[in-house]
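# Working through the structure, step by step
Okay, here's what each chain looks like letter by letter:
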Amino acid sequence: MLAVTVVLALLAALSNASASVLQRRAAVQEPEERGGAGPAVRRLAHLLRRPHWLAGTGLLALSGLLQAGALATGSLSLVQPLLASELLFTLVVGGLVFRRRPDRRTWLAFLALAAGLALFLLAAAPSAGRPTASPRAWLVAGVAVLGVVVLLVAVARPARGMSRAALLGLASAVSFATTAALLKEAVGRLGHGPGAMFAHWSLYATGVAGLVAFLLLQGALAAGSLTASQPALTLGDAVTSVILGWVLFAEVIHLGLRVIPEVLGIALIGVGSLGLAHASTVGRQWDTSGHGRPPHRGGEPVPEPRGH
C-alpha cells in the first residue's frame with residue numbers, strides 16, 4: 001500500500017507540474033490586462049481557445065484524481081512531502097516546452113528548495129492522525145485560511161511582475177492545501193460507504209476551494225515567471241498542509257533530535273530561495289521563450305532576450 005501511495009503522489013506531482021507549464025505557455029501568449037473582472041473574464045475566454053491551456057486544465061484535473069487516490073491510501077504527512085518533487089518536474093517539463101534550459105544556478109536553487117522541504121517534512125514526520133476532523137476544527141481552520149487568502153490577494157493587487165506572481169502563487173498554495181485537506185476529509189468517510197462521502201459537505205467544499213485555487217493559479221501564471229510562482233505554490237502548499245494536518249487531523253510534528261534535520265531543511269529552503277532570487281534565469285524569463293513569447297497590446301511579439 002505504501003508503494004501505491006508513493007507512485008500516485010509522484011504521478012500527481014508530475015501531472016501538476018506539466019499543467020502549470022502548459023498553462024504558463026498559454027498565459028504568456030496573452031497580454032496582461034489591468035482592471036477588474038471584465039478584462040479577467042475576456043482573458044479567460046481567450047485562454048479557453050488555446051489547446052495548451054485546455055491540456056493543462058485536463059492535467060490539473062488528473063492531478064486531483066491522483067492526489068485523491070494517494071490520500072485514500074496514505075496519510076497527508078506522506079503525500080504532501082512527495083508533491084515537493086513538482087519543483088523538479090517543472091524544470092524538466094518547462095525546459096522541454098519552452099526549449100530553453102534553466103541555467104545551473106537556477107537548477108541548484110530549485111534542488112536546494114526541494115531537498116530542504118523534503119528533509120524538513122520527512123524529519124518532522126507528522127503522525128497519521130485521525131481520518132476526519134470535527135466541525136469546530138473546520139470552522140477555526142476555515143476562518144484562518146480565508147483570512148490568509150484574502151490578505152495575500154489584497155497585497156498582490158497593487159504589485160506587478162514577480163512579486164505579484166509569488167503572492168498569488170502563495171494564495172493559490174494555501175487554497176490548494178485546503179482543497180487537499182477537504183479531499184482527505186471526504187475520502188476519510190469512504191469507510192462508511194460512498195453514500196456517506198456524497199452526503200457530506202466536505203466533498204462539495206472541495207470543489208469550491210479547488211475552483212478558487214485554480215483561479216488564483218491563473219492569476220499567478222499570468223503575472224510572472226514560473227520561477228516566481230512555482231516555489232511559492234509548491235512550498236506554500238506543503239507547509240500549509242502540515243499546519244492543517246495538525247489543526248484538523250491531530251497530526252503531531254516530531255521534535256527532539258529531529259529538530260536538527262528540520263532546521264537544516266529550513267536553512268536549505270532559505271539558501272534555495274536566495275539563490276533563485278539572484279539567478280540569471282529569473283531575469284531572462286526562461287519560460288517566455290520560443291512559441292510562448294508574450295505579445296504587446298498591439299499584437300506584436302516581444303523579442304527574445306539577448307544572449308539566446
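Just so you know, these numbers come straight off a predicted model, no measurement behind them.

### Looking at the overall build of the protein chain
The helix and strand inventory of the protein chain stands at 13 helices and zero strands. Order of helices (α) and strands (β) in the protein chain, N terminus to C terminus: α-α-α-α-α-α-α-α-α-α-α-α-α. Buried positions account for 49% of the 308 residues belonging to the protein chain. Counting only contacts in the protein chain whose residues sit at least 6 apart along the sequence, the fraction spanning at least 24 positions is 82%. Per element, the accessible surface of the protein chain, about 14,300 Å² overall, is 71% carbon and sulfur.

### Notes on the packing of helix H3 (residues 51-73) against helix H8 (residues 161-187)
For the pair H3 and H8, interaxial distance at closest approach is 9 Å and the crossing angle is 55 degrees. Here H3 is positioned oblique relative to H8, judged by the angle of their axes. Where H3 crosses over H8, the two elements pack in a sense that is right-handed. Here H3 contributes Gly-64, Gln-67, Ala-68, Leu-71 and Ala-72 to the contact with H8, which in turn contributes Ala-180, Leu-183, Lys-184 and Val-187. When grouped by side-chain class, the residues that make up the contact of H3 with H8 number six nonpolar, two polar and one charged.

### Here's the deal with helix H5 (residues 86-98)
Look at H5: 17 Å from first C-alpha to last across 13 residues, which is about the 18 Å you get at 1.5 Å a residue. Inspection of H5 places Glu-86, Leu-87, Thr-90, Leu-91, Val-93, Gly-94, Gly-95, Val-97 and Phe-98 among the buried residues, and these make up the whole buried set. Note on H5: the residue one or two positions beyond its end, Arg-99, has a positive phi of about 55 degrees.

### Structural notes on the packing of aromatic side chains
In total, this model carries two aromatic pairs according to the counting rule given. Pairing Trp-138 with Trp-201 gives two aromatic rings, centres 5.7 Å apart and planes at 85 degrees, and the pair type is edge-to-face. In this pair, Trp-138 is assigned in helix H7 (residues 135-156) and Trp-201 in helix H10 (residues 201-223), connecting sequence segments 63 residues apart. Residue classification places Trp-201 among the partly exposed positions, given a relative accessible area of 42%. Aromatic pair Trp-138 and Phe-249: ring centres 6.5 Å apart, planes at 85 degrees, arrangement edge-to-face. With Trp-138 in helix H7 and Phe-249 in helix H11 (residues 226-249), this pair connects stretches of sequence that are 111 residues apart. When its relative accessible area of 8% is taken as the criterion, Trp-138 is described as buried. Given a relative accessible area of 0%, Phe-249 falls into the buried group. The ring of Phe-249 is capped by Lys-184, whose NZ or CZ atom sits 5.6 Å from the centre of that ring.

The rules behind the values
- Residues numbered from 1 in each chain as written.
- Predicted model: local features only at pLDDT ≥ 70, side-chain atom pairs only at ≥ 80, totals over all residues.
- Heavy atoms only, no water.
- Helix = DSSP H or I, 4+ residues; strand = E, 2+ residues; numbered from the N terminus.
- Buried < 20%, exposed > 50% of the residue type's maximum accessible area, 1.4 Å probe, protein only.
- Contact = heavy atoms within 4.5 Å.
- Areas by Shrake-Rupley, 256 points an atom, 1.4 Å probe, with all protein chains shown as cover.
- Axes fitted to C-alpha atoms, helices over the stretch in contact; angles between N-to-C directions.
- Parallel < 35°, antiparallel > 145°, perpendicular 65-115°, else oblique.
- Left-handed = near helix turned anticlockwise from the far one by under 90°.
- Nonpolar A, V, L, I, M, F, W, Y, C, P; charged D, E, K, R; others polar.
- Expected span 1.5 Å × (residues − 1).
- Phe/Tyr/Trp six-rings, centres within 6.5 Å; stacked < 30°, edge-to-face > 60°.
- Lys NZ or Arg CZ within 6 Å of the ring centre and 35° of its normal.

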